[in-house]
Amino acid sequence: MKDIFAQGLEKGWKVLAAHEQPDSTTLEADVAIVGSGAGGATAAEFLSKAGLRVLLIEEGKLRYQKHFKMDELDAFSSLYQEGTARKTSDGAIAIYQGRTVGGSTTVNWTSTFRTPEQTLAHWTETHGLNGFSKEQMAPWFEERERALNMQKWLVPPNGNNSVLKKGCEALGYSAEVMVRNVNGCWDLGYCGFGCPTNAKQSMLVTSIPSALDRQAVLLSGARVERFHFKADQIQTLECSALDADANLLTGSKIHVRARHFVLAAGAIGSPAVLLRSEAPDPYDTLGKRTFLHPVNSTTATMTEPVKGYEGAPQSVYSDEFLWRDGVAGAAGFKLEVAPVHPGSLAAQEASYGNRLAQRMRELPYTNSMIALQRDGFHEESPGGQVKLRDDGSPVLDYELNDYVWEGLRKAYLTMTEIQFAAGARTVSPVHHDARDYSSWAEARSEIAKLPMAELRAGLFSAHVMGGCVMGEDPRRSVVNSLGEHHQLPNLSILDGSTFPTSIGANPQLSIYGMVAMQASALAKKLT
Amino acid sequence: MMRSSPVSKSSRRSFLKAGLMGSAALSFGSALSVISGCSSKPVSYPLNASDKAVYRFLNKEDVSMVAALIPVIAGDSFPAAPEQQRSAIDQTLPRIDLFLYRLGDFNRKEIRQLFDLLHMRVARGLTTGVWQDWSEAPAEDIAAFMQSWKHSSLALFNNAHNAFTDIIGFAWYSNPDVSGPLGYSGVTDTLRAALPQFQQT
Ligand SMILES: Cc1cc2nc3c(=O)[nH]c(=O)nc-3n(C[C@H](O)[C@H](O)[C@H](O)COP(=O)(O)OP(=O)(O)OC[C@H]3O[C@@H](n4cnc5c(N)ncnc54)[C@H](O)[C@@H]3O)c2cc1C
Ligand code: SF4
């Protein structure tokens, strides 16, 4: 089996680790890109194809196939922001984002959707974006779908996904098969740990190699602290070097000079760099409108084993409730399942002792259903705000109001109904005050009584979006439709932080397609 | 998924204050129902000098506290035989240590504060109802304070409860020796033979 990254290193790719550079090293490039995830890597591919000298800077460590040993604890603690302990400031919503070369794409679950047409239309009408009509975006999505081998998943869904399919069919709800970005997938189910076979067409094995083949330089283990300005021009950026594990600061600095800078540190990460830089923010828009697709979940014990840890983690979805009350109406949600690995299941239960042990004995029978709330489309869904802690690290304030709670309760009910319709023996919402219910009738009356409150409902997000939002009106946005910063002419922001609302679908292809379009425009401008 | 962040910023400086203030309202005590079900005899966990080198986050007091918490979190998935108990804890402590070590600067500091607070006898007694050394605390008492933290009206305690159950529960059940018998496939022999990363030493 060939490991594309190992081979590239052998043939001489320029890959630097920050801790190996002397203190106060200065690097130079035409374009310096901050962050190597969906946005940064796509930008690197397009800009290096145009002949520009690209430097790709990543805070996380370079980990690739040889490190991906399907070990939940090692993977979670090394590949994710804050070792998977990132949360909203009140602790109510757990936040998962990648922190490694390839960013969140190295750990994502390969589920692929184009930006829904409702979302594109809303952005055009309500946020005044140019170039984002369905027709204008289609060629960019097509190009990325080809480049990343995005295809409908033809293997039968695993047991966990089958529960969603079966339950929806029994109730007459829609249930569709997903598109995935894989090539020769072994159907193992470990996408969230770093794909052990390189089948997942993440940035690590696609756009990053493509850029490195064109003389791009990758610098890992370097945390970008801030930009330094001269008038409205960014002159340099300053990085702190991290140790070989990309964990502790070494105390050394690296400085980078470039003609143009691209910020692609992801939602939370990109606004944080600008906040630390004290970048101009005349209309107080920076860090605001950060969206999460807040997720709640219900855990079912099925009568037959479903082995939610084996097989493509997500292959079936239902959009039955996503747009039902209109784009700007009541909260809508997308239904999917989450892979069921033992450590994650134990942690999400917020339980312990014999009760947890009993749940864990049912591991092979456990189905985990999730609902992703579409946030940002309604005036009562303004999103959260990124702030800096005293030590300069970012944290997200995200208020859960009645609008969201209503959507979450509806989702608890809907998922429970679907699980019972698929033959569940018991269902338990992931909520501190819930227990195992043994019938839909019982669940329905009990869920109606559950307090919808912070730290009672178990909530998470793996889709952080916004915080440097796009718009043509500088009073309401940070960048324009091409990702160009309204106040800083040599800065573009090319990642998921520019979405003016959440997507209403898993966001990776929305980022790839949008950044392909924006980076192509930038390449033209710079060459 | 993980929900292991400790105490949030707003509550950080007030940890001690909240802990002490909150104590009146949080009537802890051994009268609470025994939910852990494990033996009330604590697993005493003296740290050998040679063990110290293994840990990058945990100190001696942490080890004794975490070793007392593991059986409570594990419940009846914790082995019954004393020699197996010792080895179960031996395996789990370095996993917890690695996890905490990699939490990032901010969380590491938060957890350090929480742990240090719980090592101070009076603060520990007031916030948990556990007055004796961790190594002598009955499992029932530990289970009781976990339960009251879970249902406390103070977010601070909810968060601390979640941090303990998340981190220790995650480290315990993600161990292939624990998850294998539950039916988890993990790295099969076929994969071990087929994938290059398992052939390297
Ligand atoms: C567990 C999980 C599963 C997911 N599953 C799916 C899925 O199935 N389908 C889908 O469409 N989407 C999925 N997503 C979401 C998707 O992967 C992300 O939305 C997408 O990768 C975001 O792209 P981005 O470029 O905005 O940020 P990221 O991909 O997160 O990249 C940002 C990078 O910037 C780095 N960075 C941050 N700050 C700095 C700094 N100061 N200096 C240097 N570097 C920095 C980060 O370490 C990171 O590597 C999933 C996400 C997760 C976490
Ligand atoms: S299912 Fe397995 S082989 Fe397929 S992409 Fe995910 S981790 Fe890779």
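Residues numbered from 1 in each chain as written. Chains lettered and ligands numbered in written order. Predicted model: local features only at pLDDT ≥ 70, side-chain atom pairs only at ≥ 80, totals over all residues. Heavy atoms only, no water.

1. Description of the overall build of chain B
Spelled out, the test is: Counting from the N terminus, the helices are the DSSP runs of H or I reaching at least four residues and the strands are the DSSP runs of E reaching at least two. Any residue under 20% of the maximum accessible area for its type is buried, any over 50% is exposed, and the rest in between are partly exposed; the area is computed with a 1.4 Å probe on protein chains only. In this analysis, two residues are considered to be in contact whenever any of their non-hydrogen atoms come within 4.5 Å of each other. Note that accessible areas follow from Shrake-Rupley with a 1.4 Å probe, and for residues the cover is restricted to the protein chains shown.
Within chain B, the secondary structure is distributed over ten helices and zero strands. Per-residue burial for chain B yields a buried fraction of 57% across its 201 residues. Contacts spanning at least 24 positions in sequence make up 69% of the contacts within chain B whose residues lie at least 6 apart. When the accessible surface of chain B is totalled, it reaches about 8,300 Å², and 55% of it is carbon and sulfur.

2. Side note on the domain arrangement of chain A
All names here are of chain A. Note the cut-off: For the domain bounds, the source is a domain assignment made automatically or taken from a database. Accessible area that two parts lose when put together, with a 1.4 Å probe and added across both, is what the buried area reports.
Per the domain assignment, the segments of chain A are domain 1 (26–148 + 201–289 + 463–526) and domain 2 (152–180 + 295–374 + 401–453). Put simply, the middle of domain 1 and the middle of domain 2, counted by C-alpha atoms, are 31 Å apart. On the domain 2 side, the residues contacting the 17 residues of domain 1 number 21 residues. Both sides of the domain 1 and domain 2 interface together cover about 1,400 Å² of buried area, and 60% of this is carbon and sulfur.

3. Digging into the pattern of salt bridges
All names here are of chain A. For clarity, the cut-off: Counted as salt bridges are all cases of a side-chain nitrogen of Lys or Arg within 4 Å of a carboxyl oxygen of Asp or Glu.
Here the structure, examined in full by the defined rule, presents 37 salt bridges over all chains. One salt bridge in this structure joins Lys-288 and Asp-284, with 3.1 Å as the shortest N-O distance. Residue classification places Lys-288 among the partly exposed residues on the basis of a relative accessible area of 28%. Taking the relative accessible area as the measure of exposure, Asp-284 reaches 46% and is therefore partly exposed. Among the ionic pairs, Glu-446 bridges to Lys-449, the shortest N-O distance being 3.3 Å. Of this pair, Glu-446 and Lys-449 both sit in helix 12 (residues 440–449), three residues apart, which is roughly one turn of the helix. Residue classification places Glu-446 among the partly exposed positions, given a relative accessible area of 22%. When salt bridges with common partners are traced through the structure, they connect Glu-349, Arg-359, Glu-362, Arg-425 and Asp-436 into a single cluster.

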